[in-house]
Amino acid sequence: MLEIQDLKKRFGDTVALDGVSLSAEPGEVVGFVGANGAGKTTTMRIAMGVLATDEGRALWNGSPLLPGKTVRVGYMPEERGLYPKMKVGEQIAYFGELHGMSRAEAKRSSADLLEQLDLTDRADDHVQDLSLGNQQRVQLAVSLVHDPELLILDEPFSGLDPLAVDVMGTALKQRAVDGAPVLFSSHQLDLIERLCDSVAIIASGRIIASGTVTELKKRETRQLRVSVETAEDLTAALPGTVVRDGDDYLVEDADDQAVLQAAMGAGRVTHFAYDQPTIAEIFREAVAR
Ligand SMILES: Nc1ncnc2c1ncn2[C@@H]1O[C@H](COP(=O)(O)OP(=O)(O)O)[C@@H](O)[C@H]1O
Ligand SMILES: [Mg+2]
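Residues numbered from 1 in each chain as written. Chains lettered and ligands numbered in written order. Predicted model: local features only at pLDDT ≥ 70, side-chain atom pairs only at ≥ 80, totals over all residues.

### Describing the sheet that holds strand E14 (residues 268-274)
Phase 1 of the analysis: In space, the 4 strands of this open sheet follow the order E12-E13-E11-E14, with antiparallel pairing throughout. Across the chains shown, the open sheet's two edge strands, defined by having one partner strand only, are strand E12 (241-245) and E14. Across the sheet, the axes of successive neighbouring strands diverge by a mean angle of 25°, strand direction being ignored.
Phase 2 of the analysis: Examined bridge by bridge, E12 and strand E13 (residues 248-252) share 5 bridges and lie antiparallel to one another. Opposite Val-242, over in E13, you have Val-251 as the bridge partner.
Phase 3 of the analysis: Running at roughly 15° to strand E11 (residues 224-229), helix H8 (residues 256-266) makes contact with E11, E13 and E14 of the sheet. (Pairing = 2+ DSSP bridges. Helix = DSSP H or I, 4+ residues; strand = E, 2+ residues; numbered from the N terminus. Axes fitted to C-alpha atoms, helices over the stretch in contact; angles between N-to-C directions. Contact = placed C-beta atoms within 7 Å.)

Rendered as structure tokens:
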């Protein structure tokens with residue numbers, strides 16, 4: 001597994017990272033969420049060894065993470081780097097060879113990825129002639145060509161149309177199913193909600209919330225939603241702090257069983273459950289704390 005432990009990094013007077021820790025287990029898609037300037041890119045660069053840390057470390061299965069040495073990492077940097085005049089298929093294979101694959105292996109892997117990312121009919125086009133979304137798919141192919149054991153992707157979804165988002169999302173999920181931890185940064189919270197098993201929320205160089213999506217939702221859940229078939233207004237009849245939401249009642253600060261009993265006493269209860277917050281709501285609350 002990937003473990004990032006207590007990274008600290010300054011650029012002059014700017015504290016970019018102030019003790020960042022996070023982890024990603026095999027098979028897990030982890031969303032790294034935060035506003036611009038929160039420290040996502042810096043964290044990923046340090047993990048990849050392209051930037052030195054002031055303090056802390058990145059580990060792969062308990063030993064120092066050394067990309068290309070202790071682990072094959074698929075990395076999509078923030079600044080995209082493709083050769084605009086090279087053909088798509090050749091380019092992907094070329095990066096495979098740079099990672100030490102034989103020419104035949106690299107070509108086979110390139111062909112597989114073109115297929116998977118729906119790019120087969122663009123294989124002989126020059127990269128510069130592709131749409132931005134398709135260039136991004138090539139960028140993903142380049143980071144996957146050498147069959148990485150770990151994926152670290154910086155904003156892989158930025159600038160993609162919904163179709164490309166789906167293709168990319170499926171490709172990442174598949175890598176996770178195949179056993180690789182997948183860490184990707186994004187500020188698109190709907191995507192995080194759809195794709196991630198876990199989330200790490202960063203603000204001003206600190207992780208302010210992290211855990212599995214299920215855990216985070218449970219932890220942030222305190223509001224009961226109750227629907228009762230009755231003509232009566234139950235705002236005063238239910239225990240706790242009660243507000244109406246359409247035909248429903250939202251109840252806080254009350255014993256749920258007492259609420260249920262009161263509701264059943266008033267009429268037929270058709271809905272009784274804690275509302276689950278969205279990742280967007282969890283993010284907003286964590287940032288506001
Ligand atoms: N090379 C650099 N020199 C100076 N400041 C930097 C450098 N890289 C990042 N920073 C600063 O560090 C903070 C975190 O940046 P970054 O990691 O790029 O955030 P994110 O990727 O979440 O948008 C920001 O305040 C940014 O301005
Ligand atoms: Mg960034």
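### A look at unusual backbone geometry
Phase 1 of the analysis: Its identity is not glycine, yet Asp-6 carries a phi of approximately 50°, on the positive side.
Phase 2 of the analysis: Counting through the fold element by element, Asp-6 comes out in strand E1 (residues 2-11).
Phase 3 of the analysis: In this structure, Asp-147 takes a positive phi of about 55° despite not being glycine.
Phase 4 of the analysis: For Asp-147, the position within the fold is in the loop between helix H4 (132-144) and strand E7 (150-153).
Phase 5 of the analysis: The class for Asp-147 is partly exposed, based on 16 C-beta atoms found within 10 Å. (Buried ≥ 20, exposed ≤ 12 C-beta atoms within 10 Å, placed from the backbone.)

### A few points about the pairing of strand E4 (residues 55-60)
Phase 1 of the analysis: Summarising the sheet, E1 and E4 pair through 5 bridges and their orientation is antiparallel. Within E4, the position partnered with Ile-4 by the bridge is Ala-58.
Phase 2 of the analysis: With 2 bridges joining them, E4 and strand E5 (residues 63-64) adopt antiparallel strand pairing. Residue Leu-59 lies in a different strand from E5, and its bridge partner there is Pro-64.
Phase 3 of the analysis: Connecting E4 to the antiparallel partner E5 that follows it, the hairpin turn spans 2 residues, and Asn-61 within it adopts a positive phi of roughly 50°.

### Observations concerning the sheet that holds strand E8 (residues 182-186)
Phase 1 of the analysis: Strand order across the open sheet formed by 6 strands is E6-E7-E8-E3-E9-E10, with mixed pairing between neighbours. Among the strands making up the open sheet, the edge pair consists of strand E6 (73-76) and strand E10 (206-212). Within the sheet, the average angular offset between the axes of one strand and its neighbour, ignoring direction, is 15°.
Phase 2 of the analysis: Of the pairings in the sheet, the one linking E6 to E7 comprises 4 bridges and is parallel in character. Considered in E7, the bridge of Gly-74 is made with Leu-151.

### Some details on the site of ligand 1
Phase 1 of the analysis: Contacts to ligand 1 come from Phe-11, Thr-14, Ala-16, Gly-34, Asn-36, Gly-37, Ala-38, Gly-39, Lys-40, Thr-41 and Thr-42.
Phase 2 of the analysis: Elements supplying a minimum of two residues to the shell around ligand 1: strand E2 (14-24) and helix H1 (40-48).
Phase 3 of the analysis: Residue contributions to the shell around ligand 1 peak at 3 residues, all from H1. (Near = placed C-beta within 6 Å.)

### Notes on the packing of H4 against helix H5 (residues 162-177)
Phase 1 of the analysis: Between H4 and H5, the least distance of the axes is 10 Å, while the angle of their chain directions is 10°. Looking at the two axes, H4 sits roughly parallel to H5. For the pair H4 and H5, contact is made by Gly-133, Gln-136, Arg-137 and Leu-140 and by Ala-164, Val-167, Met-168 and Ala-171, respectively.
Phase 2 of the analysis: Among the residues making up the contact of H4 with H5, the classes are represented as 5 nonpolar, 2 polar and 1 charged. (Parallel < 35°, antiparallel > 145°, perpendicular 65-115°, else oblique. Nonpolar A, V, L, I, M, F, W, Y, C, P; charged D, E, K, R; others polar.)

### Some details on H5
Phase 1 of the analysis: Its 16 residues place the ends of H5 22 Å apart at the C-alpha level, agreeing with the 22 Å of an ideal helix rising 1.5 Å per residue.
Phase 2 of the analysis: Every buried residue of H5 is listed here: Ala-164, Met-168, Ala-171, Leu-172, Arg-175 and Ala-176. End-on view of H5: buried residues confined to an arc of 140°, all on one side of the axis. Along H5, the residues that are exposed and aim more than 90 degrees away from the buried face are Pro-162, Leu-163 and Val-177.
Phase 3 of the analysis: Turning to H5, the residues buried within the fold contact strand E3 (29-33), helix H3 (103-116), H4, E7, E8 and helix H6 (189-195).
Phase 4 of the analysis: Directly beyond the C-terminal end of H5, a positive phi value near 115° is found at Gly-179. (Expected span 1.5 Å × (residues − 1). Arc of directions from axis to C-beta.)

### Some remarks on helix H9 (residues 279-288)
Phase 1 of the analysis: All buried positions along H9 are accounted for by Ile-279, Ile-282 and Phe-283. Along the axis of H9, the buried positions cluster into a sector of 100°, meaning they face one direction only.

### What about the pairing of E13?
Phase 1 of the analysis: Side chains Tyr-249 and Val-251 of E13 all project onto a buried face; the interleaved residues Asp-248, Leu-250 and Glu-252 project onto a face where none is buried.
Phase 2 of the analysis: The pairing of E11 with E13 spans 3 bridges and is antiparallel. Its bridge partner lying in E13, Leu-224 is registered against Val-251.
Phase 3 of the analysis: Between the end of E12 and the start of E13, which pair antiparallel, lie 2 residues, with Gly-246 showing a positive phi angle near 65°.

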